[in-house]
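Residue-level listing of the chains:
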Amino acid sequence: MSAQKFYDERILVLEDIWKRFPGVVALKGVSLSVRRGEILGLVGENGAGKSTLLKIVFGIYKPDKGRIIWKSRETSIENPIQALNMGIFYVPQELLLPPNISVAEAIAIGVEFHRNWQLVKYRDIENKAKEILSKLGLANLDPRTKIRNLTAAEKQLILIARALVMKAELLIFDEPTSSLSISETQRFLNLMLELKKSGIAQIFVSHRIEEVLTVSDKIVVLRDGYKVAEFDNTEKKVTLDEVIKAMIAKDIKEFYPKVKVEIGDVVLEVQNLETETLHDISFNVRRGEILGIFGLLGSGIYNIPKAIVGLQKKLRGRIIVDGKDIEIFSPTEAVRKYGVLYIPEDRRNLGLFSILPVKHNITISSLDLLAVEKVLNMINSVKESTVVSKLIKALNIIPPDPSRKVAYLSGGNQQKVLISRAFSRPLKVVFLSEPTVGIDVGAKVEVRRLMVDMARQGLGVILISSDYNEILGMSDRVIILSRGRKVSELRREEATPDILLKYASR
Amino acid sequence: MPRNRGNKSSSEKEVVGAIKLDIKGLLLRSPEIGTLIAITSLYIAIGIVNFRFWDPMTLLTLARWFAGIGTLAIGESMALIIGGLDLSVGSLASLSSMVFAHLITNAGVDSTLAFIATLCLGVVVGLYHGFIVTRFSPPLPISVPAFVATLGSLFLLRGIAIGYWKGYPVKIYDISKISFLASPYGGIVILVIIAVLTLFIQRYTAIGRYLYAIGGNLEAARVAGVPIRNVVVFAFVYSSACASLAGMIYVGLVASGYADIAAGQELLAIASNALAGVSLAGGEGNVINAILGAFLVSMVRTGIIFLGISAYWQDVTAAILLVLAVIVDLTRRVTFGRA
């Protein structure tokens, strides 16, 4: 087989794939192909159909219509096990590995033990693991380390090691860099290029379009279940603008729709806050102001609201709301008594009730106001429905169905449901922790617009983010944290990306 | 195109194509229908084998025992919805039957007062469970401390019921004192009242919403400002109060208190819920599911006697029902991605 032929062979071809779910058509006749040694970038807003497409390739869903051609033979992929046997390996966004087994075992499970009764030859699997890990640049990781002691980046490499052991020919990465630091991301992208050299085909799905642009040979853009564009990135470099334009139907004039809002008096003041991870943090926020809190991973920024609303133990420090010294023991008190709401960063685990309907998710923090106290706290359903339908409309939650379970919404719409809580009752201060993580470009702008709306209503808005562009674009004032300490406070005019990163990485 | 929910699922059916898979999907989506089908077909099937099963008197006897199991299952549903578990309801019902009968026969207390006092016993036990669970819950899912605390009570309450009366039952000689409970419809009336009240709480009140929120995602409920401790305590108190009621319903049936009258029925209560759609993982199902499940379970227990199987085999049927219930619940959760 000549080198030319080797690189030209299409390993996977999808033709006219359709997939329908109750109430929504997720894929509308999508066709694409991947060659050996090619990296295919797959981008699109949330709900565009990327995940559905990946799941079809990995055998989790079956397409309603369309052909799947694997190595020039038409096949149907019935389940993930079949996909693995065929040589397709899926690295999910959330890396689920049993925490109490060793690295060597994690790599060997299901690969080395061909027969169920075979005894584990630890020395063999450890040597094998070592060999593969050193190929992936993890030579000094002891194969006997337990999975729970690994970082997200290392876990990802373990999964890739598994894929190599299983002789995977097509690797699918679903948002692989979302939990990696900047240097880890760089290393990961280099690894992708290495894998490409050994002839492995890869599909790369990410919201970080710049990353997709740096490594992909081909970029396919999905929107609303249609394939709207395919770019060849090998000859001429595709630009970010081209891709974004294809991704979003309407032109987004302002990525950061910041509006000047009149700033009032101080509504929340925190003095010398001290917890196990935070040291001597002081700041204040005024009505109508957006205060940005910036810090890199591990800086402790996410712990600030937790300590203030009573989710984490506070060792010292004063909290002053509206000039009154207060003590908050629980989030219930924070919301009901003092009007301080925390909208958490981890939408799935800390934010939403995915098995409950949209309506219940929106009003969960305001039921005390919607209930008729005299009758067993009965909820005034007329009032509730009015509030809910108003918010669904105002926040443009799609589909606008209050009884749909949140699990069936796209990421961006889930985030809007979560944020709608801030509008469901009168408040004074809102903490928004990473409000735009993992959602598409269009939804990001919508969420940022909502942030401005909150400020306009006279709330003190505290935006906690590790995305410096967002902090710079939205905040009136920025405080920067590093290793649990406040290292700087800047006005909007003074802040630049360089200064932010310089302080944050101290 | 405006479409209601039913149509949406039917459009999915067209896509899936196979009718067989469809029925499975429908049953999994609305477990009430599945349970109703099971009830109807069992009723017909057992009756074909033994015509006396269709006798209205059989149905009445079945309904009177069902009143007890149903009340237990309704209480249990509260503990299950918050993602907890109450293993003590059988023992508590037994102890309540003893206390109720003792108060009337030995202490000569007026039956209304005895009723209230027994209910208070349930409330106190529930408060104790709620206290333990909320005290030790934070780093754990609720089911872990709930399992341990209520398992302890399972033995503690049964031990008291046997120990205090030295294993003897307490007979009520003057049935007229408990004429309401002893009447054929007494238990059913209580069951209906409790069912309506529970449905109202679960569907239309703030505390009902909080129950589902806690069971759906405990951490998210905490962040959203749900008063977790109060709601968890409420759920356990409700469960225990229902257990005490069930104990008194049984007294009405046999005119005595027995220390093992409801022994092991916590498993029937759990099976009733899980069979008919109250998820063991929390956050799903309501009182209607619990009642349908309880009726199915009661019918199976009565039905085996009509099939000529000795009543001594009832524990075996209970075990089969429980395992079946867990399988049904797991299948449902796996299908909807909540395993």
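Residues numbered from 1 in each chain as written. Chains lettered and ligands numbered in written order. Predicted model: local features only at pLDDT ≥ 70, side-chain atom pairs only at ≥ 80, totals over all residues.

Caption draft 1: Fine view of the overall build of chain A. Along its length, chain A carries 19 helices and 22 strands. By the compact-globule yardstick of 23 Å for 506 residues, chain A fits well, its C-alpha radius of gyration being 25 Å. Each principal axis of the C-alpha atoms in chain A carries an extent, and together these give about 75 × 50 × 50 Å. Considering only contacts within chain A whose residues lie at least 6 apart along the sequence, 69% involve residues at least 24 apart. (Helix = DSSP H or I, 4+ residues; strand = E, 2+ residues; numbered from the N terminus. Rg over C-alpha atoms; globule rule 2.2 N^0.38 Å. Contact = placed C-beta atoms within 7 Å.)

Caption draft 2: Representation of the overall build of chain B within the structure. In terms of regular secondary structure, chain B is built from 15 helices and two strands. Here the C-alpha radius of gyration of chain B, 20 Å, is about what a compact globule of 339 residues would show, namely 20 Å. Oriented by its inertia axes, the alpha-carbon framework of chain B measures out at about 70 × 55 × 35 Å.

Caption draft 3: Focus on the interface of chain A and chain B. Each partner contributes residues to the interface: chain A has 29 residues there, and chain B has 26 residues. Of all the secondary structure elements, the ones that give two or more residues to the side of chain A that touches chain B are α11 (331-336), α12 (347-351), α14 (367-370) and β18 (378-379) of chain A.

Caption draft 4: Just unusual backbone geometry, in detail. Residue and element names in this part refer to chain A. A cis amide bond links I398 with the next residue in sequence, P399, at an omega value of -5 degrees. Assignment of secondary structure puts P399 in the loop between α15 (381-394) and α16 (411-420). Its identity is not glycine, yet E175 carries a phi of approximately 45 degrees, on the positive side. On the basis of neighbour counts, which here come to 18 C-beta atoms within 10 Å, the residue E175 falls in the partly exposed class. (Buried ≥ 20, exposed ≤ 12 C-beta atoms within 10 Å, placed from the backbone.)

Caption draft 5: How the structure looks around the pairing of strand β12 (residues 281-286) of chain A. Residue and element names in this part refer to chain A. Direction of pairing for strand β11 (residues 266-274) relative to β12: antiparallel, over a ladder of five bridges. In the strand pairing of β12, L268 is matched with V285. Counting the residues between successive antiparallel strands, the hairpin from β11 to β12 contains six residues, one of them, D280, with a positive phi of roughly 55 degrees. (Pairing = 2+ DSSP bridges.)

Caption draft 6: The sheet that holds strand β15 (residues 324-326) of chain A, seen in detail. All names here are of chain A. With respect to topology, four strands assemble into an open sheet ordered β12-β11-β14-β15, the strand pairing being antiparallel. In this open sheet, the two strands that pair with only one neighbour each are β12 and β15. In this sheet, neighbouring strand axes are inclined to one another by 20 degrees on average, regardless of whether the strands run parallel or antiparallel. Bridge count between β11 and strand β14 (residues 316-321): five bridges; the pairing is antiparallel. Within β14, the residue paired with L268 across the bridge is V321. (Axes fitted to C-alpha atoms, helices over the stretch in contact; angles between N-to-C directions.)

Caption draft 7: Focus on the confidence of the model for chain A. Put simply, chain A has an average pLDDT of 86, and 93% of its residues get 70 or more. Low pLDDT, under 50, characterises residues 1-7 of chain A; the stretch is placed with six contacts to residues that sit more than four places away or in other chains. (pLDDT = per-residue confidence, 0-100.)

Caption draft 8: Focus on the domain arrangement of chain A. Once the domains are mapped, chain A shows domain 1 (1-87 + 170-251), domain 2 (94-168) and domain 3 (266-504). Look at where the C-alpha atoms of domain 2 of chain A and domain 3 of chain A centre, and you get two points 39 Å apart. (Domains from an automatic or database assignment.)

Caption draft 9: Representation of the nonpolar core. Core analysis: the biggest nonpolar cluster contains 179 residues, and V430, I462 and L463 of chain A together with I214 of chain B have the highest contact counts within it. If you tally residues by element for this core, the top one is helix α12 (residues 228-254) of chain B, at 16 residues. Once residues within four sequence positions are removed from consideration, I462 of chain A is found in contact with V285, L291, I293, V429, V430, F431 and L432 of chain A. Judged by nonpolar contacts, the second largest core, of 62 residues, contains L12, A83, F173 and V441 of chain A. (Core = buried A, V, L, I, M, F, W, Y, C linked by C-beta atoms within 7 Å.)

Caption draft 10: Expanded view of the packing of helix α9 (residues 186-204) of chain B against helix α14 (residues 287-306) of chain B. Residues and elements named next belong to chain B. Across the interface, α9 lies against α14 with an axial gap of 9 Å and an inter-helix angle of 145 degrees. Facing α9, whose interface residues are A195, T198, L199 and Q202, α14 presents V287, I288 and I291. The residue makeup of the contact of α9 with α14, split by class, is five nonpolar, two polar and no charged. (Nonpolar A, V, L, I, M, F, W, Y, C, P; charged D, E, K, R; others polar.)

Caption draft 11: Quick look at helix α10 (residues 206-216) of chain B. Burial analysis of α10 of chain B places eleven of its eleven residues in the buried class, the great majority of the element. Every buried residue of α10 of chain B is listed here: A206, I207, G208, R209, Y210, L211, Y212, A213, I214, G215 and G216 of chain B.

Caption draft 12: Quick peek at the pairing of strand β10 (residues 226-232) of chain A. All names here are of chain A. Judged from the six bridges that link them, strand β9 (residues 218-223) and β10 form a sheet pairing that is antiparallel. Along β10, the bridge assignment pairs V221 with A229. Linking two consecutive strands that pair antiparallel, namely β9 and β10, is a turn of two residues; a positive phi of about 55 degrees is found at D224 within it.

Caption draft 13: Just the environment of K62 of chain A, in detail. Within the element layout of this structure, K62 of chain A appears in the loop between α2 (50-57) and β4 (65-70). Expressed as a C-alpha distance, the spacing of K62 of chain A and I88 of chain A, which sit 26 residues apart in the sequence, is 15 Å.

Caption draft 14: The sheet that holds strand β3 (residues 39-44) of chain A, seen in detail. Residues and elements named next belong to chain A. Read from one edge to the other, the open sheet built from six strands follows the order β6-β7-β8-β3-β9-β10, with strand pairing classed as mixed. Every other strand in the sheet has two partners, leaving β6 (88-91) and β10 as the edge strands with one partner each. Each adjacent strand pair in this sheet contributes to an overall mean axis angle of 20 degrees, direction not counted. Bridge analysis of β3 against β9 gives five bridges, and the strand direction is parallel. Within β9, the residue paired with G44 across the bridge is L222.

Caption draft 15: Layout of the environment of L369 of chain A. Along the polypeptide, L369 of chain A turns up in helix α14. Residues L369 of chain A and A139 of chain A, 230 residues apart in the sequence, show an inter-C-alpha distance of 59 Å.

Caption draft 16: Quick look at α15 of chain A. All names here are of chain A. The end-to-end C-alpha distance of α15 is 20 Å, a good match for the 20 Å that 14 residues give at a rise of 1.5 Å each. E384, V387, V388, L391 and I392 are the residues of α15 that are buried. On an axial view of α15, the arc spanned by its buried residues comes to 130 degrees, and they lie on one face. What points out from α15, more than 90 degrees from its buried face, is the exposed set V382, T386 and K393. One or two positions beyond α15, positive phi appears at N396, with a value near 55 degrees. (Expected span 1.5 Å × (residues − 1). Arc of directions from axis to C-beta.)

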